[in-house]
Amino acid sequence: MSQRATFEAAVTLGLTADEYARICEIQGGEPTYVELAIYSLMWSEHCSYKHSRPILGRFPTSGPRILQGPGENAGIIDVGDGWAVAMKVESHNHPSAVEPFQGAATGVGGIVRDIFTMGARPCVSMDSLRFGELTEPRQRFLLDGVVGGIAHYGNCLGIPTVGGEIYFEPSYEGNCLVNAMAAGMIRTDGIVRAIASGVGNHVVLIGSKTGRDGIGGASVLASQEFDETLEEKRPSVQVGDPFTEKKLIEACLELIHRKLVVSMQDLGAAGLTSSSSEMASKGTVGLDIHADRVPLREADMEPWEIMISESQERMLAIVTEEQLADVREVCERWDLDCSVIGQVTDTKMLRIHWHGERVANIPARRLADESPVIRTPSVKPDYIVDEPVAVSDAAYPQPTDLGAALALLLAAPNIASKRWAWEQYDYIVQANTVQIPGSDAAVLRIKDSPRGIAFSNDCNGRHCYLDPYRGAKAAVAEAARNLACAGALPVAVTDCLNFGNPEKGEIYWQFEQAVEGIAEACEALDTPVVSGNVSFYNESFGQAIYPTPMIGMLGVYDDVGVHIDDAFKDEGDVIVLLGAEAGWMDGSEYQKVAYGKVEGRVPDVDLRLEVELQGKLRAAIEARLLKSAHDCAEGGLAVALAEGAIASGVTGGTAFADPDTPQAREGGAGRWLGAEVDLGSASIVTGAAGRPDLALFGEAPTRVIVTVAPELLGPLEAVLGDLPHRVVGRVTGADLRCTMDGEELFTVPVSELHSAYESLPQRLA
Amino acid sequence: MTAPSTVRFGVVVFPGSNCDADAHHALSTFPDVDVDYLWHKDTDLKGAEAIVLPGGFSYGDYLRCGAIARFSPIMQSVIEFAEAGGLVLGICNGFQILTEAGLLPGALLRNTGLKFVCRYVNLRVDNAETAFTGACDADEVLRIVVKHNEGNYTADPATLARMKANGQIVLRYVTAAGEQGDSANPNGAVDDIAGVCNQRGNVFGMMPHPENSVEAALAGGAGGRRIFQSMVDTLMAREVAR
């Protein structure tokens, strides 16, 4: 208790001179050390969003389905029949870079707490991951640890991990990304918000004991760049206990459903400090917290350590005197600690006591909601170009064997099957999973209802690097397209905006541009942003990651029975390409894999066309006209075709709601379907460069391949109307054959494509 | 004697169980089944005629899978129930608990791949005469999901020989065509064993999750229905016999 809260101490805790002056002004002189520690956490970038708040106001956040927008633990969306979905994504990048297993595990734990805090039963976990190239041993170590941590925590909780994405780029080498997303089901009349109320009510801490783990996690780890002190930051990573969290879920949901708590808040970043000050601020009340009443793992902890510890699996509840005994009974039944650590007051002050002595007295609103706002003057980076790359044969020599080029792309880590990862996740628990990982979207039914929900997450960081506005816009469009391919109507977004150091003008420019792109696309697609997270300072040794605004999207079904996947189903089915024709080299996986380049300018999504395509695609699926649909993303048209063929024969790769599919008939024995595809007239499909490789592997937004039974082609065309589309071929036997104007480009057995596609484990050996 | 209208199942809930609700839900899809949860701290089986020990991570599985659960109050009742001939099905963690409790022979080691594995497997019914497989055809192949980290079944050679002679090896991992082979075995289990029963035939453990495979509209399919149907048939027949 002897530490002075001097300016030097403030700097050590990560505060600036301006911030220290402001704290002294609010506190009327030099603060106590506990007060200073509390301010340093609450005013950190991670907790205060001081660089991002002014920009995030650009997002559309409301709509008829939106029951809760940003500002709570999670966003909530009405999905019909009295059901709603709570959803949120959060980054756990820096903890995972320091200690991948525990960092990722506690990332899952934290986001799941955000969901059940509101009264929703967590029903979905998904993870968006970015690493450096797998040729580096440390990156394989990180990947293995992160996937293992997600599996360890999510599987133990019994929450299905139904999807996600993993990409590898050199820019993530020193700063991997772990974005954990979760969603839960809740009745629309059962929502609990984190607002303290009722003077005299008890402040109750439920769950694990408090230790020194995670001290300064939000400030030391999450709000600074990495440098050579990475290893020293290991103590700031929390350690997860999924068993306790599982008991917390059951106990807290029982408390909420029995209406035994006034409100509830989980302890995440900045622990007791943020949960108590936010609850007080939202309720315009005060809280008296007795830090000495907090159950501890280590007896000699100081009050400031107790207040900012990020020990996991803890919840804060406001409870009336009358209901306290019942709350204690529920916690005891689940063998959870339950301690009254304070009371609600009318002072609007957060007051911390330590054995009878007051050690902090802070206006709750000023602490929680009036942190400084910083707007860095933005600067367009020099590397940005305005024109697409010139695809000359000198700079980009054409491959002689296009079939081999396709196999190379399918084996590229960014495209190759991630089965190695998702087979480590329990994706089936809770008995709602309709579509397992590996297709465009995860699909779940809602029990005792014909309705269903679907989730996707997307972001092409390379595209966002080349043009953050277009790239971010495309991420939203692609997330929605993936849902549309499964037949779902996109309704809401949660986003995780991963960027470098916002104090740099170039990074701030990327951020502003990306937010604008997301906002425009969300407006056009009618998918408000209901929750999210900003993660800045994703840099190591001054090198920033690619701007990576990850989009998590929720879709809904009136009848989940209409859903389809990406797998070819029957020989003779007609393959139709919907949307744009020519592919671009700029920012494509082909450009990276075949030529080792990332350059040019990515195409802009035509949002009007995108909305039309998705609407007609969904209409065709709802009319049960289609057998499969698949977005053309990384690797372009050829990879999309190959994936449809590969999925036709993979055991467990698809749902088998339809008992007549080959995989159902043969138990997924691996009977491949291929395709014969003619790209058409070279003058139409090869773009300005006149090259068949771009028609095959070039990328463009707003493209989907669908398969349809021949007799339903007419009805499909009636639905499509004047939407650009073209019959490109048929589903056939075991080869994928591509021609242009009838001239053969390549023929490859699907079994060979499958071997390339499933080659990721070999790279990890 | 008229046939009884319903049979009564109990699903045990340990702290850390996470397929208890799925087992409860799966059983509730059978019109002639009543199902109740049984709390680990209780000893009352609530009149259940069959007990299901569900999957999950009982007590966090922090010591050894199932090693703590077997000492819980409810397990003392389950052991007595089993010794009196009651039907007990252990799924995944439930199977592990049954081996820890000594109700089933053998043990479950860590998967040879050293990773959690969630995958569709094909299971051949190598004994279709048990209380848990009577509704299956001999050599029928069921498609069900496994999801576990410690599913690598093992037993000493003498025990294995005895189990084979007694028909206690009930389910084996096979290809879709019904053949044994390494590629079909997800965890390295000896002799591709996926499910075993005790000598008396009233206690059965299996690593795959039939409760996640009872509805054709879901990704899990309906390959697990016959396990529960067999139990229901057995109980119905018992009541008629009484």
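The rules behind these values
Residues numbered from 1 in each chain as written. Chains lettered and ligands numbered in written order. Predicted model: local features only at pLDDT ≥ 70, side-chain atom pairs only at ≥ 80, totals over all residues. Helix = DSSP H or I, 4+ residues; strand = E, 2+ residues; numbered from the N terminus. Buried ≥ 20, exposed ≤ 12 C-beta atoms within 10 Å, placed from the backbone. Contact = placed C-beta atoms within 7 Å. Core = buried A, V, L, I, M, F, W, Y, C linked by C-beta atoms within 7 Å. Domains from an automatic or database assignment. Pairing = 2+ DSSP bridges. Axes fitted to C-alpha atoms, helices over the stretch in contact; angles between N-to-C directions. pLDDT = per-residue confidence, 0-100. Right-handed = clockwise from strand over helix to strand, strands pointing away.

K.L.:
Looking at this structure, I do not really get the overall build of chain B. What am I missing?
P.N.:
A count of helical and extended segments in chain B gives 5 helices and 11 strands. Along the three orthogonal principal directions, the C-alpha set of chain B runs to about 50 × 40 × 40 Å. Split into buried and exposed, the 242 residues of chain B put 59% on the buried side. Relative to all contacts within chain B whose residues are 6 or more apart in sequence, the contacts with residues 24 or more apart total 76%.

K.L.:
Explain the interface of chain A and chain B to me, please; I cannot follow it from the model alone.
P.N.:
Interface size is often expressed as the accessible area that is lost when the parts come together. Counting residues at the interface gives 34 residues for chain A and 30 residues for chain B. Elements supplying a minimum of two residues to the side of chain A that touches chain B: α8 (137–157), α10 (242–257) and β14 (433–435) of chain A. It is α8(A) that provides the largest number of residues to the side of chain A that touches chain B, a total of 4 residues.

K.L.:
Looking at this structure, how should I read the environment of B:Gly167?
P.N.:
All names here are of chain B. With respect to the helices, strands and loops of the structure, Gly167 is situated in the loop between α4 (157–166) and β9 (169–174). Since 15 C-beta atoms lie within 10 Å of it, Gly167 is described here as partly exposed. Considering only alpha carbons, one finds Gly167 and Asn198, 31 residues apart in sequence, at a separation of 9.4 Å. Among residues more than four places away in sequence, those in contact with Gly167 are Asn127 and Glu129.

K.L.:
For this particular structure, what's the right way to read the nonpolar core?
P.N.:
When a protein is soluble and globular, its nonpolar side chains tend to lie buried together. Residue and element names in this part refer to chain A. Counting 332 residues, the largest nonpolar core has Ile38, Ala86, Leu410, Val476, Ala645 and Leu753 as its most contacted members. Split by domain, the residues of this core number at least three in each of domain 1 (192–368) and domain 2 (564–765). What Ala645 contacts, discounting residues up to four positions off in sequence, is Phe568, Trp672, Leu673, Gly674, Ala675, Leu736, Val750 and Leu753.

K.L.:
It is not clear to me how the sheet that holds strand β10 (residues 193–197) of chain B should be interpreted in this structure. Could you clarify?
P.N.:
Pairing between the strands of a sheet is mediated by backbone hydrogen bonds and can be parallel or antiparallel. Residue and element names in this part refer to chain B. Read across the sheet, 9 strands follow the order β2-β1-β3-β4-β11-β10-β9-β6-β7 without closing on themselves; strand pairing throughout is mixed. Bordering the open sheet on either side are β2 (33–39) and β7 (141–148), each of which pairs with just one other strand. Taken pair by pair, the neighbouring strands of this sheet meet at an average axis angle of 25°, ignoring direction. Sheet topology places strand β6 (residues 117–125) next to β9; 4 bridges connect them, and they run antiparallel. Looking across to β9, one finds that Val125 is bridged to Leu171.

K.L.:
For this particular structure, what's the right way to read the pairing of strand β26 (residues 725–732) of chain A?
P.N.:
Two faces, one strand: in a regular strand the side chains alternate between the faces of the sheet. Residues and elements named next belong to chain A. Sheet analysis places strand β22 (residues 574–579) next to β26, joined by 5 bridges and oriented antiparallel. By the bridge assignment, Val576 is partnered in β26 with Val727. Examined bridge by bridge, strand β24 (residues 674–678) and β26 share 4 bridges and lie antiparallel to one another. For Val677, the partnering residue across the bridge sits in β26 and is Gly729.

K.L.:
It is not clear to me how the environment of B:His40 should be interpreted in this structure. Could you clarify?
P.N.:
All names here are of chain B. Counting through the fold element by element, His40 comes out in the loop between β2 and β3 (50–53). Sequence-wise, His40 and Pro208 are 168 residues apart; in three dimensions their C-alpha atoms are separated by 23 Å. Other than its neighbours up to four places away in sequence, His40 contacts Val12, Val13, Phe14, Pro15, Ser72, Pro73 and Ile74.

K.L.:
Before we go on, may I ask you to explain the confidence of the model for chain A in this structure?
P.N.:
Interpreting fine coordinate detail is not advised for predicted regions of low pLDDT. Scored by pLDDT, chain A comes out at a mean of 92, with 94% of its residues at no less than 70. Scored below 50 in pLDDT, residues 651–669 of chain A makes 44 contacts in the model with residues more than four places away or belonging to other chains.

K.L.:
Any chance you could explain the sheet that holds strand β7 (residues 202–207) of chain A here in plain terms?
P.N.:
Residue and element names in this part refer to chain A. Here we have 7 strands laid out as an open sheet, ordered β8-β10-β7-β11-β9-β12-β13, and mixed in their pairing. Edge positions in the sheet fall to β8 (263–266) and β13 (357–363), since each of these pairs with one other strand and no more. When the angles between neighbouring strand axes are averaged without regard to direction, this sheet yields 25°. On top of the sheet, helix α3 (residues 33–42) reaches β12 (349–354) and β13; it is set at about 40° to β13, its chief contact. Strands β7, β8 and β10 (314–319) of the sheet are contacted by α10, whose axis makes an angle of about 15° with β10.

K.L.:
Could you clarify how one ought to interpret unusual backbone geometry in this entry?
P.N.:
Most peptide bonds take the trans configuration, and most residues that are not glycine carry a negative phi. For A:Thr284, which is not glycine, the phi dihedral falls at a positive 40°. You can see A:Thr284 is positioned in the loop between α11 (271–283) and β9 (286–290). A count of 13 C-beta atoms within 10 Å places A:Thr284 in the partly exposed class. For B:Leu114, which is not glycine, the phi dihedral falls at a positive 60°. Along the chain, B:Leu114 turns up in the loop between β5 (107–109) and β6.

K.L.:
I tried to follow the confidence of the model for chain B on my own but got confused; where do I start?
P.N.:
Mean pLDDT over chain B works out to 95, with 98% of the residues at or above the 70 mark. Listed scores for the predicted complex are pTM 0.95 and ipTM 0.96.

K.L.:
What is the right way to read the pairing of strand β17 (residues 489–498) of chain A from this model?
P.N.:
Residues and elements named next belong to chain A. Taking burial as the measure, the 10 residues of β17 include 9 buried ones, the bulk of the element. In terms of strand pairing, β17 meets strand β21 (residues 548–557) through 9 bridges, oriented antiparallel. By the bridge assignment, Leu489 is partnered in β21 with Val556. Two elements, β17 and strand β18 (residues 529–535), share 6 bridges in a ladder whose sense is parallel. Within β18, the residue paired with Leu497 across the bridge is Val534. In the classification by handedness, the crossover that spans β17, the intervening helix α19 (residues 505–525) and the parallel β18 is right-handed.

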